[in-house]
Protein chains: 2
Amino acid sequence: MGQQNKKAGTGGVSVGSQSFVPARSVYIRTSACVAGTKEGEGPLGDRIDMIGKDDLFGCKTWEEAESTLQKEAVTLALGKAGMKAEEIRYLFAGDLLGQSTASSFGTASFGIPHMGVYGACSTCGETLGLGTMAVSGGMAEDVICVTSSHFASAEKEFRYPLAYGNQRPPSATWTVTGSAAFILTSEVSKRNRARITGVTNGKIVDYGIKDSLNMGACMAPAACDLIAANLQDFGRKPEDYDKIITGDLGLVGQRALLDLLKEKNIDIEAQHMDCGIEIYDSNVQDVGSGGSGCGCSAVTLSAYILKMLEDGTWKRVLFVPTGALLSKTSFNEGMTVPGVAHGVVLEAIA
Amino acid sequence: MGQQNKKAGTGGVSVGSQSFVPARSVYIRTSACVAGTKEGEGPLGDRIDMIGKDDLFGCKTWEEAESTLQKEAVTLALGKAGMKAEEIRYLFAGDLLGQSTASSFGTASFGIPHMGVYGACSTCGETLGLGTMAVSGGMAEDVICVTSSHFASAEKEFRYPLAYGNQRPPSATWTVTGSAAFILTSEVSKRNRARITGVTNGKIVDYGIKDSLNMGACMAPAACDLIAANLQDFGRKPEDYDKIITGDLGLVGQRALLDLLKEKNIDIEAQHMDCGIEIYDSNVQDVGSGGSGCGCSAVTLSAYILKMLEDGTWKRVLFVPTGALLSKTSFNEGMTVPGVAHGVVLEAIA
């Protein structure tokens, strides 16, 4: 198999209007995730590798805590793979903070060439797509993709510091305190968690929505556009995927997505799953429309989706992290909240 | 030649510890740059494609003005290439604003799959490196890389709104109001501006400096690390480059860089040039240590460096945009200002 993989050559094959297929196989070698107390109490709690005792993770500020999440996730992933940082050629990292400081401060000490990425909550998909490009292209044998978010740093960044005690409408989502790191590799091994067989990069889609407390509605049009493009580029129907998994649309955004796709005669009701809905128990936990943030889809991928691919429950899924491209400044200046989504096709190894 | 190019296959070859060489040739098909009034009055003024009448570019806010810079740069580049947005497969874009809003709002209307990138002022190098990966890897035939900065939006983002009239020490740099867009292609043509023959991606380097008004000193260690890595990875000496061009170290950072490299027994005094020093005339224009920002290296590359490669004055240069990874929040919380740099080897076509 190793031989075959080498023979296949490197590079990628562009497919349809906005997708590509790796010419050289790319695998998720391993992954690790770290999360906060609320995520630990949620349905995925017992599958998360490490849960903090409190959400400061031993730091003085929320921002430092978020950096620590990334550092721990990368450290754990390297440990699981039995690899040293020097063996990783590139690190693709992002978060939601201004100037992506959680990734810069969280990953600097590894000394891995650093590619900062920003796609709001779609960043996990964007990093996996770029990492796949590097590995399938032969520019790297192993890369790490890591993203994070933190409830308290995100509230301060986008809305109000927690100390203000502002109220939140039911459409608001709850930013996940968490981070996950994924090691992508060209090396064939039975221990690899999944194979990346396709990437669809998304366009920015703006329906003119301005409500920063209804991110689901802002992102649903971009998710719709991405899913439709993926199905068209690969000539697939929704049933060709066991699951079509969006990042953090939440309950409100899920409804909007299903309706928008139906207008295009695409029905994914049977396949759709949203990480923001999976990561919390909305009946018990006070999370509004569901979870969100760069950490939401990343933690759910590491703790849950990859497990389902490993045990053969699912054979092929389309993973679509979704992002809302706003900043505090753009919101205060009355700008819209455009959405973006990036898609990765994941398949079981066996 | 076109045939040869196809035969060579796609992909990249990793070189040394952190570099790669495109297996399929990647060219800068064309580029365009737009800048503000102060840049128009500088030494590169007559080579900049479009200069605004005032720095609001017909918009109501500085942030919208920066978005407009990106939009105009991409539009001009497409026009020069005689291409439509649909012919571009991916757009790699970034800026300095929180959540990279200038790129999101500036480029959304083109409908090109969007990869948001953040590397502070090194972003121009990071986008060119990622774009090279996509084109040499065969995932795309044509991509656009675009970055921007705006003096007024950056002062508001990182320091104080202009209306405060705060003072600036001589070590401070002046953020360039400008944007440049580069179309990378695999297509062989005599009209291509330059060829990208190597990429070196940089590590985050942190010397513990905390002065956000002395960016040159914060970034010089990362530039030193990158240049040393590039020379080692490619087995080259400084004299193998006609120029080694940093992004925005300015006068203070240049001195630090030359000294740091001498400690490694590398002398680039004869080859070194800094975009931040070239873009303004520090004798006449009040710009402190020089220019800075994502727009600084981008505009200088488009308006000046590519011209020197086109007319054969230079055969091969190492282009090293440099970035300071701070945010207003990280600065206020007393964190250091780590640096990062990304390197691109550019060669004359003829």
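Quantities reported herein were computed from a predicted structural model and do not represent experimental measurements.

Asks: What should I look at first to understand the interface of chain A and chain B in this one?
Replies: How big an interface is tends to be reported as the loss of accessible area on association of its parts. Each partner contributes to the interface: chain A provides 61 residues, whereas chain B provides 61 residues. Contact between chain A and chain B buries roughly 4700 Å² in total, counting both sides, with carbon and sulfur atoms accounting for 62%. Considering only the side of chain A, the residues that lose the most area to chain B are Gln99(A), Phe105(A) and Met139(A), jointly responsible for 17% of the buried surface there. There are two salt bridges connecting chain A and chain B. Glu333(A) is the partner of Lys156(B) in a salt bridge, and the nearest nitrogen-oxygen pair spans 3.0 Å. The interface formed by chain A and chain B contains 26 residue pairs in polar contact (both at pLDDT 80 or more). Here the side of chain A that touches chain B takes five residues from helix 5 (residues 123-136) of chain A, the largest share from any one element.

Asks: Where do I start with the pattern of salt bridges in this structure?
Replies: As a working rule, side chains carrying opposite charge can pair if their charged atoms are close by. Tallying each qualifying case throughout the model produces 26 salt bridges over all chains. When the shortest N-O distance is used, the salt bridge between Asp259(B) and Arg255(B) registers 3.2 Å. With Asp259(B) and Arg255(B) both in helix 8 (residues 250-263) and four residues apart, the pair spans about one turn of that helix. Each of Arg255(A), Asp259(A), Lys262(A) and Glu269(A) takes part in a single network of salt bridges with overlapping partners.

Asks: It is not clear to me how the layout of surface pockets should be interpreted in this structure. Could you clarify?
Replies: Over the atoms rolls a probe the size of a water molecule, and in doing so it shows where empty space is left. Looking at the largest pocket, its volume works out to about 450 Å³. What lines the largest pocket is a set of 24 residues, among which Glu157(A), Lys328(A), Thr329(A), Glu157(B) and Lys328(B) lie closest to the centre. Breaking the lining of the largest pocket down by element, the ones donating at least two residues are helix 6 (151-158) and helix 11 (328-332) of chain A together with helix 6 (151-158) and helix 11 (328-332) of chain B. Classifying every residue of the lining of the largest pocket by side-chain character gives two nonpolar, 14 polar and eight charged.

Asks: Mind showing me how you'd approach the pairing of strand 2 (residues 19-22) of chain A here?
Replies: Across a regular strand the side chains alternate sides, sitting on one face of the sheet and then on the other. Residue and element names in this part refer to chain A. By the bridge criterion, four bridges tie strand 1 (residues 12-15) to strand 2 in an arrangement that is antiparallel. Looking at strand 2, one finds that Val-13 is bridged to Val-21. Between the end of strand 1 and the start of strand 2, which pair antiparallel, lie three residues, with Gly-16 showing a positive phi angle near 60°.

Asks: Just to check I follow, could you spell out the environment of Thr175(B) for this structure?
Replies: Residues and elements named next belong to chain B. With respect to the secondary-structure elements, Thr-175 resides in strand 8 (residues 174-175). Thr-175 gets classed as buried once you look at its relative accessible area, which sits at 3%. Spatially, the C-alpha atoms of Thr-175 and Phe-151 are 4.6 Å apart, while their sequence positions differ by 24 residues. If we ignore the near neighbours within four places in the chain, the residues touching Thr-175 are Glu-39, Leu-96, Ser-149, His-150, Phe-151, Ala-154, Arg-159, Tyr-280, Ser-292 and Gly-293.

Asks: Would you mind going over empty space enclosed by the protein with me for this structure?
Replies: Scanning the model with the defined rule gives six cavities of 30 Å³ or more in all. Volume-wise, the largest cavity comes out at about 150 Å³. Cys121(B), Arg159(B), Thr175(B), Met215(B) and Ser292(B) are the residues nearest the centre of the largest cavity, which is lined by 18 residues in total. Counting residues per element, the ones that place at least two in the lining of the largest cavity are helix 6 and helix 7 (215-234) of chain B. Class assignment for the residues of the lining of the largest cavity results in 10 nonpolar, five polar and three charged. Computed from the structure, the second largest cavity encloses a volume of approximately 120 Å³. In terms of lining residues, the second largest cavity is bounded by 16 residues, among which Leu96(A), Cys121(A), Arg159(A), Met215(A) and Ser292(A) are the most central. Its residues assigned to classes, the lining of the second largest cavity comprises 10 nonpolar, four polar and two charged.

Asks: When you look at the side chain of Ser122(A) in this model, what are you seeing that I'm missing?
Replies: Residue and element names in this part refer to chain A. Here Ser-122 lies in the loop between strand 6 (114-116) and helix 5. For Ser-122, a relative accessible area of 0% gives the class buried. For Ser-122, the residues in contact, after removing those within four places along its chain, are Pro-321, Thr-322, Gly-323, Val-340, Ala-341 and His-342.

Asks: How should the packing of aromatic side chains be read in this particular structure?
Replies: Given two aromatic rings, one states the distance between the centres and the angle between the planes to describe the pair. Counted by the stated rule, this structure contains six aromatic pairs over all chains. Seen in terms of ring centroids, Tyr304(A) and Trp314(A) are 5.7 Å apart; in terms of plane orientation they differ by 75°. Their pairing is edge-to-face. Of the two residues, Tyr304(A) is situated in helix 10 (residues 294-310) and Trp314(A) in the loop between helix 10 and strand 14 (316-320); the sequence distance between them amounts to 10 residues. Aromatic side chains Phe151(B) and Trp174(B) sit 3.9 Å apart centroid to centroid with 5° between the ring planes, which places their arrangement in the stacked category.

What counts as what
Residues numbered from 1 in each chain as written. Chains lettered and ligands numbered in written order. Predicted model: local features only at pLDDT ≥ 70, side-chain atom pairs only at ≥ 80, totals over all residues. Heavy atoms only, no water. Contact = heavy atoms within 4.5 Å. Buried area = accessible area lost by both parts, 1.4 Å probe. Salt bridge = Lys/Arg side-chain N within 4 Å of Asp/Glu carboxyl O. Polar contact = N/O pair within 3.5 Å; in protein donor to acceptor, adjacent residues only side chain to side chain. Helix = DSSP H or I, 4+ residues; strand = E, 2+ residues; numbered from the N terminus. 1 Å grid on protein atoms, 1.4 Å probe; cavity = no way out; pocket = protein on both sides within 12 Å on 5 of 7 lines; lining within 4 Å. Points joined across faces, edges and corners; volume = space filled by probe spheres on them. Nonpolar A, V, L, I, M, F, W, Y, C, P; charged D, E, K, R; others polar. Pairing = 2+ DSSP bridges. Buried < 20%, exposed > 50% of the residue type's maximum accessible area, 1.4 Å probe, protein only. Phe/Tyr/Trp six-rings, centres within 6.5 Å; stacked < 30°, edge-to-face > 60°.

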